[in-house]
Amino acid sequence: MSFELVLASASQIRSDMLRRAGIPHRSEPARIDESAARAGLEAEGAGPRDLADALAEMKARKLAARHPGALVLGCDQILAGPDGVMAKPETRAEAADQLRLLRGTRHQLLSAAVLYENAEPVWRHVGVARLVMRDFSDAFLDAYLDRNWPDVASSVGAYKLEEEGVRLFSRIEGDHFTILGLPLLELVSYLTLRGDLPS
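Every value quoted in this text rests on a predicted model; they were computed, and no experiment measured them. (Residues numbered from 1 in each chain as written. Predicted model: local features only at pLDDT ≥ 70, side-chain atom pairs only at ≥ 80, totals over all residues. Heavy atoms only, no water.)

## Brief notes about the overall build of the chain
Spelled out, the test is: Under the scheme used here, helices are H or I runs from DSSP no shorter than 4 residues and strands are E runs no shorter than 2 residues, and both carry numbers assigned from the N terminus. Categorising residues by exposure relies on relative accessible area from a 1.4 Å probe, with only protein chains included: less than 20% of the type maximum marks a residue as buried, more than 50% marks it as exposed, and the intermediate range marks it as partly exposed. We call two residues in contact whenever any of their non-hydrogen atoms come within 4.5 Å of each other. Under the convention used here, a 1.4 Å probe and the Shrake-Rupley method define accessible areas, while residue burial counts only the protein chains that appear.
Secondary structure summary: the chain contains seven helices and seven strands in total. N-terminal to C-terminal, the α/β element order of the chain is β-α-β-α-α-β-β-α-β-β-α-β-α-α. If you line up the chain on its principal axes, its C-alpha atoms span 55 × 35 × 25 Å. A total of 199 residues make up the chain; the buried ones form 47% of that total. Sequence separation of 24 or more characterises 66% of the internal contacts of the chain that already satisfy a separation of 6 or more. When the accessible surface of the chain is summed, it comes to about 9400 Å², and 49% of that surface belongs to carbon and sulfur atoms.

## Some thoughts on helix α3 (residues 48–64)
So the rule is basically this: One fewer than the residue count of a helix, multiplied by 1.5 Å, yields its expected span.
In this model α3 runs 24 Å from its N-terminal to its C-terminal C-alpha over 17 residues, within 8% of the 24 Å that 1.5 Å per residue would give. All of the buried residues along α3 are Leu-51, Ala-52, Asp-53, Leu-55, Ala-56, Glu-57, Lys-59, Ala-60, Leu-63 and Ala-64. Residues of α3 that are buried in the fold lie against β1 (5–7), α2 (34–43), β3 (71–81), β4 (84–86), β5 (106–117) and β6 (120–133).

## Notes on the UniProt feature "active site" (unreviewed entry) in the chain
Selection rule: UniProt positions are given in the numbering used here, feature names are shortened, and annotations may be inferred rather than shown by experiment. In protein, a polar contact requires one atom able to donate a hydrogen and another able to accept it; more generally it is a pair of N or O atoms within 3.5 Å, and residues adjacent in sequence count only if both atoms are side-chain atoms.
As recorded in UniProt, the feature "active site" (unreviewed entry) lies at Asp-76. Position of Asp-76 among the secondary structure elements: in strand β3. Only 2.8 Å separates the side chain of Asp-76 from the side chain of Lys-59, close enough to count as a polar contact.

## Thoughts on the nonpolar core
Generally speaking, soluble globular proteins have nonpolar side chains that are buried together. As a reminder of what qualifies: We define a nonpolar core as any set of buried Ala, Val, Leu, Ile, Met, Phe, Trp, Tyr and Cys residues linked to one another through side-chain atoms lying within 4.5 Å.
Counting residues in each nonpolar core, the largest one holds 23 residues, and the members touching the most others are Leu-99, Met-133, Tyr-144, Leu-145, Tyr-159 and Leu-168. Of all the secondary structure elements, the ones that give two or more residues to this core are α4 (92–102), β6 and α5 (138–148). Beyond its immediate sequence surroundings of up to four residues, Met-133 is in contact with Leu-99, Leu-102, Arg-103, Gly-104, Thr-105, His-107, Tyr-159, Leu-168, Phe-169 and Ser-170. Residues Ala-8, Ala-52, Ile-78 and Val-114 belong to the second largest nonpolar core, which totals 21 residues.

## Quick word on the environment of Leu-18
Tracing the sequence through the fold places Leu-18 in helix α1 (residues 12–20). Put simply, Leu-18 and Asp-135 are 117 residues apart on the chain and 34 Å apart in space, counted from C-alpha to C-alpha. With residues up to four places along the chain from it excluded, the contact list for Leu-18 reads Leu-5, Leu-7, Ile-23, His-25, Leu-73, Leu-182, Leu-184 and Leu-187.

## Overview of the pairing of β3
Threshold: For two strands to be treated as a pair, DSSP must find no fewer than two bridges joining them.
Burial analysis of β3 places ten of its eleven residues in the buried class, the great majority of the element. Direction of pairing for β1 relative to β3: parallel, over a ladder of three bridges. Across the sheet, Leu-5 pairs through a bridge with Leu-71, a residue of β3. In this sheet, β5 lies alongside β3 in antiparallel orientation, the contact comprising ten bridges. Each residue of the ladder has a partner; that of Asp-76, found in β5, is Ala-112. Direction of pairing for β3 relative to β4: antiparallel, over a ladder of three bridges. Paired with Leu-79 across the bridge in β4 is Met-86. Where β3 folds back on β4, the antiparallel hairpin that results is connected by two residues.

## Focus on helix α7 (residues 184–194)
Put simply, the rule reads: The directions from the helix axis to the C-beta atoms are what the arc is built from.
Inspection of α7 places Leu-184, Leu-187, Tyr-190 and Leu-191 among the buried residues, and these make up the whole buried set. Each buried residue of α7 lies within a common arc of 125 degrees when the element is viewed along its axis, so the set occupies one face. Once α7 ends, the next one or two residues include Gly-195, with phi positive near 95 degrees.

If you want it as C-alpha cells, here you go:
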C-alpha cells in the first residue's frame, strides 16, 4: 500500500478505527469555525444529513490544498433529536438536559465522511444509525453523570456508546462504526475498489 491518507480530525476514536482496520494514515485537525458554519447552514434550511455532509466536506477541503498528492478524509457526526440537531454539551446541566430530552425517545446519529484528492471530492457517504434511549430514572441520570462528567462533554447527546453510555439504550439499529463517527465499512469498500487496499 503506497497511498497517503490524511485524517482531517483530532478524533482519537476515528484514528483508532483506521489503525485497527490496518489503514495507514496520519491525523491533522482541520481548523474550521464549526459553530458558525453550522449556524449558517441551518439558517439556509439544511437538514441533519446535509449538515453532516457539508461539515465533513469543509474539513477535507481545508486540508486538501496542503496535501495535493494525498487522500484527505473529513468526517462529521450529527445527532438529530426530538427537537432538532443537538450540539455537544458545554456544562453538566446542559448534559442532563440533553439526556432528559432524549430519554424514552428515538433519535438518529448521522456520520458523514468525504474524501478529497487533488483538491477535489472523490467520494462521500453518510451513514445513519437509529437509537432508542430507555426511560431511565432521574437517580440513574444523576449517578451516570457523577461517574462520566466531564468525559462525555466531547460527545453530542452526552453519552459514549462504547463506554457506560450503552446502559442508556434499549435498542440500536445501525453499524457500530457509524455510531462511533466514521462509516468505516463503506470507506474500506471504496479504498479496496480503488486498489489502495488489497482485495
